[in-house]
Structures are given as structure tokens and as C-alpha cells.
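Summary of structural features
So the chains spell out like this:
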Amino acid sequence: MHALRVRVGLLGLALLAGLSAPATATAAPAAPAPTVEELRLDKAVPQEILTRSGFDAVAPRLARLLTDARSYAQARRIVVREGTALWRRAVDRAQGRGPAGGDLSRDDDRPLYWARLGLSREVRTWEPEFGLGEAQRSALLDSLERTSRGQTGIGYPRTGGLKRVLVTGFDPFTLDRDIRISNPSGASALALDGTVIETADGPARVEAVVFPVRWRDFAEGTVERTLRPYLPRVDLFATVSQGRVGRFDVERTNGAWRGGFADNENVGDTGTIPVADPAGQPQWTTTTLPYTAITAAGTGRFPVYDNTSVTEIPAGGTAPVVRPDGPTAGSLARAGGGGDYLSNEIAYRATLLRDRLGLHERLPGGHVHTPVLQFGAGNTTEVTDPEFVRNRLDIVAQVRAILAVAAGE
């Protein structure tokens, strides 16, 4: 009996211990590691760009605020506020408002890019005491992405007689080739957001957003989610990206094909562009921008071309063929005028959305490729130089002039 009482007592203690121990099955998962894109932050060039623009304090501020957060709801409010503030700060800096924060020229888009990655790394690796589920962390990162890219801040005044223009740009890319790279389409978005441009048909208000150079975001519908509420309400849209050396191109035709070039996460993807309702997906979409007027106008020092070339697999064929005058009937897309990377894809998605909304006949829209932004001759190490700044300013000014021509038609 004594032995039985001991065994029962030990069993009771074990049960009590089990009831009082934390349930490991419901514990929050460990925070994920930084992404390939975020890990580039530790290199010298990003740190120099952040320091020379005053954006080096952005991520540490978010880290301090998250440390004090006591709930997911509070954390979400912090992330939304800081993401929104980063976008507004970058726009203000580009447009000459507030302190420059350092000697880096105000037209530079790179402080926004690297500061955003600093914020996302803080959110991605944050482990609060109250626990953070995978879905909650993903939602915080999504809120940060959208707010810090201007995607939640699109707003046109109700003033009568003011045309509405929507412009998109991109992050820097090919950073493993040269981590100093800037993207003039992103710089154009910052310079133009919220501004009014004069056109032959009266003033036009421009709203701008920036998209990531990541295949997965596009597959998840970031372009459609951002543009769908606004395309029925605008008078013109232009997706803009960096393209060829020394020239602008208005891309006539966009193809439904991903060519597999590595994105900013070093991921490539090859195949048909994934969209909703793939059964009704066309191989090609076309611009409705007034390309004849744009190419004829004197918009700046770079020539502007109406690019009609595509690469297709002809109907009944098996090998890709370059067509300088556009696709033939029944062909399969292998590259639009803008290639087979995310420049082509944003053009394809935006113009397909335009068509699916029944706006093809009334809404001018399509893709504009800027010249490649080049450093001055001999500069292989410095993060900026006078020729680099001049080139970016000239490209941004010409994007503005192209939009003025297009909106005035």
C-alpha cells in the first residue's frame, strides 16, 4: 500500500506539472531569418547611402517602437505609421521639402529603398513577448510594403478641371552586379507624386507608387490590387521602368511570358505570367498611350522611340522569332517590346487590367522605358558623382515632359 501511495503521488505531481507547463504546441514560431534582399543592407554602400541621406535612423527608430509594443494591434499601428512616414519623407526630400539630412542629392531614390529594407528586416526578425504568429507577421510586412511604397496614399483632389494621372516606378535591381545602382523610374515616382503638371489640355495631378523587383509579389497580385481601384477614375496611367542605354521607349506590345531573369531575391521564374482567370488570358496586350505624339514631341535630351518589336513562337512553330513590327496572329509570347522581365510584366498586367475593366477605348495607358542611369566615366566605386546626378535629373524631367504630352492629347 505504501508503494502504491507513492506511485499515485508521483502520478499526481506529473499531472500537475503537465497542467502548469506552457503548451509548446501553441507557441509562436521563431522569427524568420532576413531575406537575401535584406542581407545586402550590411554592405558598405547601403550604409553609406543611408548615412549620407539621414535615413540611417529610420530602422533603429522602428526597432525601439516595436520593443515597447504590447499587442499585435499596437504593433500594426506602429508599422503603418512608420511605413507611411517613410514614403512621405522620401517624397518630401525628393521635392525639396524639409532637411536633406546629408550631402546625397535630393533626387536620389536609393535612401527609400534601403531604409525600407531596414524596416522590413526589423519586422521580420522581431520576437515580441506576446508572441507573433506567421499570418500576423506576414500581415505586418504587407502593411509595411504597401504604405512605404505609396500604394495606400493615392488621393486625387475633387477640384474640377484637374486631370488625373497615375504613374508607377520600380526599386533598384541587379544589385549583385553593382550595389550602387539607382532606378530612375523610382526617382521619377518620388519627384512626381502629388505634383501638378501643365498639359495642352489643362493641369493634371500626378499620383505615384513604387513596386518591388520580385516575381512573387507580382504573382500574388500586388499590381492589380494597387491599380484596380483607380484605373476607372484616372485619365492616364503609365508604368515606368529603366530600360536601354541612351534612349526612351514607348513599348507598343506586352507579352504574357516570364523569361526567368533573377529578381532582387535571386529568384528566377520562367513561364506564362500567372493571372486571375487564366483561361481568358491573351498572349499580348497593347499600349493606348499616344505614342505618335510622344515620340514627335521634344521632351528632352534623350531620343524617344515607338518600340514595336516582340519575340514570339509563331502559330504552328516551335522556335522563338523576333518580329520587328509586332506579333502575328495566333503566336505565343516570348518577349514583349519591354522584354520578358518585370518591366514587361507590369505593363502586361496593367494593360490587361485596363482591358478587363472595359477601359481600352477610353483610357490611355502603357509602358515607358527610361534610359539606363549611368555613372560618370571612370567611376567604379563612388556612390554618386555629378554626371550620375545630372543623368537622373534629366531622365526625371523627361518623364515629366512625356506625361505632359500624353495627358494633353
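Let us look at the structure shown here.

The rules behind each value
- Residues numbered from 1 in each chain as written.
- Predicted model: local features only at pLDDT ≥ 70, side-chain atom pairs only at ≥ 80, totals over all residues.
- Heavy atoms only, no water.
- Pairing = 2+ DSSP bridges.
- Helix = DSSP H or I, 4+ residues; strand = E, 2+ residues; numbered from the N terminus.
- Axes fitted to C-alpha atoms, helices over the stretch in contact; angles between N-to-C directions.
- Buried < 20%, exposed > 50% of the residue type's maximum accessible area, 1.4 Å probe, protein only.
- Contact = heavy atoms within 4.5 Å.
- Salt bridge = Lys/Arg side-chain N within 4 Å of Asp/Glu carboxyl O.

A short note on the sheet that holds strand β3 (residues 202-211)
- Read from one edge of the open sheet, 7 strands run β2-β3-β1-β4-β14-β5-β10, paired in mixed fashion. This sheet does not close on itself; its edge strands, each paired only once, are β2 (196-199) and β10 (304-307). Ignoring which end each strand starts from, the neighbouring axes of this sheet average 30 degrees apart.
- Here strand β5 (residues 248-251) pairs with strand β14 (residues 365-370) via 3 bridges, running antiparallel. When the bridges of β14 are listed, valine 250 appears paired with valine 368.

Focus: the environment of leucine 65
- One can find leucine 65 in helix α4 (residues 58-67).
- Exposure remark for leucine 65: the relative accessible area of 22% places this residue in the partly exposed category.
- Beyond its immediate chain neighbours, meaning those up to four positions away, leucine 65 contacts Ile78, Arg81 and Glu82.

Looking at the environment of proline 34
- Positionally, proline 34 belongs in the loop between α1 (2-20) and α2 (36-39).
- Under the relative-accessibility criterion, proline 34 is labelled partly exposed at 28%.
- For the pair proline 34 and valine 123, spaced 89 residues apart in the sequence, the C-alpha separation amounts to 9.7 Å.
- Not counting residues within four places of it along the chain, the set of residues in contact with proline 34 comprises Leu39, Arg121, Arg124 and Thr125.

Examining the pattern of salt bridges
- If you walk through the whole model with that rule in mind, you get 37 salt bridges.
- As a salt-bridge pair, aspartate 217 and arginine 214 come within 2.7 Å of each other at their nearest N and O atoms.
- A salt bridge links aspartate 394 to arginine 301; its shortest N-O distance comes to 2.5 Å. Linking aspartate 394 in helix α13 (residues 386-407) with arginine 301 in the loop between α11 (291-296) and β10, this pair joins segments that are 93 residues apart in sequence.
- Exposure remark for arginine 301: the relative accessible area of 41% places this residue in the partly exposed category.
- Salt bridges linked by common partners bring Glu37, Arg116, Glu145, Arg149, Asp171, Arg214, Arg216, Asp217 and Glu265 together as one network.

With respect to unusual backbone geometry
- With a phi close to 60 degrees, asparagine 266 is a non-glycine residue in the positive phi region.
- Structurally, the position occupied by asparagine 266 is in the loop between β7 (257-259) and β8 (270-272).
- Look at aspartate 277: it is not a glycine, yet its phi comes out positive at around 55 degrees.
- One can find aspartate 277 in the loop between β8 and β9 (284-286).

A closer look at the sheet that holds strand β11 (residues 310-313)
- Reading across the sheet, the 3 strands line up as β12-β11-β13 and stay open at both edges, with antiparallel pairing between neighbours. Two strands bound the open sheet, and with one partner strand each, they are β12 (321-323) and β13 (332-335). Across the sheet, the axes of successive neighbouring strands diverge by a mean angle of 40 degrees, strand direction being ignored.
- Here β11 runs beside β13; their pairing, made up of 3 bridges, is antiparallel.

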